[in-house]
Amino acid sequence: MGVTERPFVVERAGDTIPGILWSPEASAGPSPLVLVGHGGHGEKRNRNGLAMARRLVRRLGYAVAAIDAIDHGERGPIRPPDHRAYRALWHKPDTFDRMSADWQATLDALSDLPSIDSGRVAYWGLSMGTMFGVPLVAAEPRIKVAVLGLCGFTGPSADRGRIATRHAAEAPRITCPVLFFVQWHDERFYRQGAFDLFDQVGSKDKRLHAHPGAHGELPAAEATDATIAFLRPRFSSAQEA
């Protein structure tokens, strides 16, 4: 139905990073690339990420890539409902830096493909996708626009992930356009802490979309429509430049 799905593997510093690339079956030229980070206890081909990937490919002609986060998916051992391995991940001192390096190695590899426009790259990741996404977007100048959210400085998941100090230091270094989602009754990342994280993002072009409901109740259709409306004009501007 217009989407080609191809698995790939990237090797970095002894780590094997499994990923998937979704791309248009037919394209008039190199496509913009959206890197999609999945949520906690998920994997690269999770339901929400797969739906977002297919919509971006079909509706915009973009390419989309996802990889398994550290200790997730094919990189195990994190599996619900056992949270012990997940908690342990956040106590490793190199977790954030390893994940950023994994994404950068992935971007290096995909940028060599003739079907990819390496000048138009975005990052999309909510919840744990933002926990890892904030340091990545702050460090990677090739990422020209980002969609983040369902994350903040306070709440049980913020405390367990010990992210507040790292994000407070990294968020001001983000300068690309940012769309940020907040769930008003989020029980994992509290509303005010999410607002505070958004406030710390250094981008001049940033937007916040808030919806009622708990952490997992972000309306999928609204998230897709808002993402497309945010990405399309900014990628068009990058192409014209």
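Everything below is about the structure printed above this text.
The notes below deal with the structure included here. (Residues numbered from 1 in each chain as written. Predicted model: local features only at pLDDT ≥ 70, side-chain atom pairs only at ≥ 80, totals over all residues. Heavy atoms only, no water.)

### What about unusual backbone geometry?
For clarity, the threshold we go by: Every helix listed is a DSSP run of H or I at least four residues long, and every strand listed is a run of E at least two residues long, numbered separately from the N terminus.
Cis rather than trans, the peptide bond between G76 and P77 has omega equal to 5°. Turning to its location among the elements, P77 is positioned in the loop between β4 (63–67) and α2 (84–89). A positive phi angle, close to 65°, is found at D71, a residue other than glycine.

### Some remarks on the side chain of S23
This is how the line gets drawn: A 1.4 Å probe rolled over the protein chains alone gives each residue an accessible area, and that area as a share of the maximum for its type sets the label: buried under 20%, exposed over 50%, partly exposed in between. The criterion used for residue contact is that any of the two residues' heavy atoms lie within 4.5 Å.
For S23, the location among the structural elements is in strand β2 (residues 15–24). S23 gets classed as buried once you look at its relative accessible area, which sits at 7%. Apart from the residues lying within four places of it in its own chain, the contact partners of S23 are G2, V3, T4, R6, V57, Y62 and A63.

### Re the packing of aromatic side chains
Filter applied, for reference: Between rings of Phe, Tyr and Trp, where Trp is taken as its six-membered ring, a pair exists when centres lie within 6.5 Å; planes separated by under 30 degrees are stacked, by over 60 edge-to-face, and by other angles tilted. The criterion is that NZ of a Lys, or CZ of an Arg, lies within 6 Å of the ring centre and within 35 degrees of the ring normal, and then a charge sits over that ring.
A complete count under the given rule lists 8 aromatic pairs for this structure. Ring geometry for Y86 and W90: centres 5.8 Å apart, planes at 80°, overall edge-to-face. Here Y86 matches W90 in class, with each residue buried. Centre to centre, the rings of F96 and F132 are 6.1 Å apart; their planes meet at 70°, and the pair counts as edge-to-face. One end of the pair, F96, is in helix α3 (residues 95–111); the other, F132, is in helix α4 (residues 128–139), with 36 residues separating them in the sequence. Each member of the pair, F96 as well as F132, is classed as buried. Taking the ring centre of F198 as reference, the NZ or CZ of K206 above it sits at 4.8 Å. In this arrangement the basic side chain of R234 is found over the ring face of F230, its NZ or CZ atom lying 3.8 Å from the centre.

### Brief notes about the side chain of T227
You can see T227 is positioned in helix α8 (residues 220–240). With residues up to four places along the chain from it excluded, the contact list for T227 reads M52, L56, W124, V147, L179 and F181.

### Digging into the sheet that holds strand β3 (residues 31–37)
Note the cut-off: Whether two strands pair depends on DSSP finding at least two bridges between them. Lines fitted to C-alpha atoms define the axes, with helix axes restricted to the stretch in contact, and inter-axis angles between N-to-C directions lie between 0 and 180 degrees.
In space, the 8 strands of this open sheet follow the order β1-β2-β4-β3-β5-β6-β7-β8, with mixed pairing throughout. The sheet terminates laterally at β1 (3–12) and β8 (206–211), the two strands that pair on one side only. Within this sheet the neighbouring strands show an average axis-to-axis angle of 20°, counted without direction. Bridge count for β1 against β2 is 10 bridges, and the pairing is antiparallel. In the strand pairing of β2, V3 is matched with P24.

### Points about the environment of D15
Mapped onto the elements of the fold, D15 is located in strand β2. Taking the C-alpha atoms as reference, D15 lies 34 Å from R59; in sequence the two are 44 residues apart. Apart from residues no more than four positions distant in its own chain, D15 is found in contact with V10, R75, R98 and D102.

### Some thoughts on α3
Applicable threshold: Here the expected length of a helix is defined as 1.5 Å per residue gap, with one fewer gap than residues.
A rise of 1.5 Å per residue sets the reference length of α3, with its 17 residues, at 24 Å; its end C-alpha atoms lie 24 Å apart and thus fit the reference within 8%. Within α3, 12 of the 17 residues are buried, which leaves it mostly tucked inside the rest of the structure. Looking only at α3, the buried set comprises T95, F96, M99, S100, A101, D102, W103, A105, T106, L107, L110 and S111.

### Notes on α4
End to end, α4 covers 17 Å across 12 residues, agreeing with the expected 16 Å (1.5 Å per residue, within 8%). The buried fraction of α4 amounts to 11 of the 12 residues, a majority that puts the element mostly inside the structure. Among all positions of α4, only M128, G129, T130, M131, F132, G133, V134, P135, L136, V137 and A138 are buried.

### Topic: the environment of E25
Within the secondary structure, E25 is located in the loop between β2 and β3. Relative accessible area serves as the criterion here: at 55%, E25 is assigned to the exposed category.

Keep in mind that these numbers describe shape and distance, not what the molecule does.
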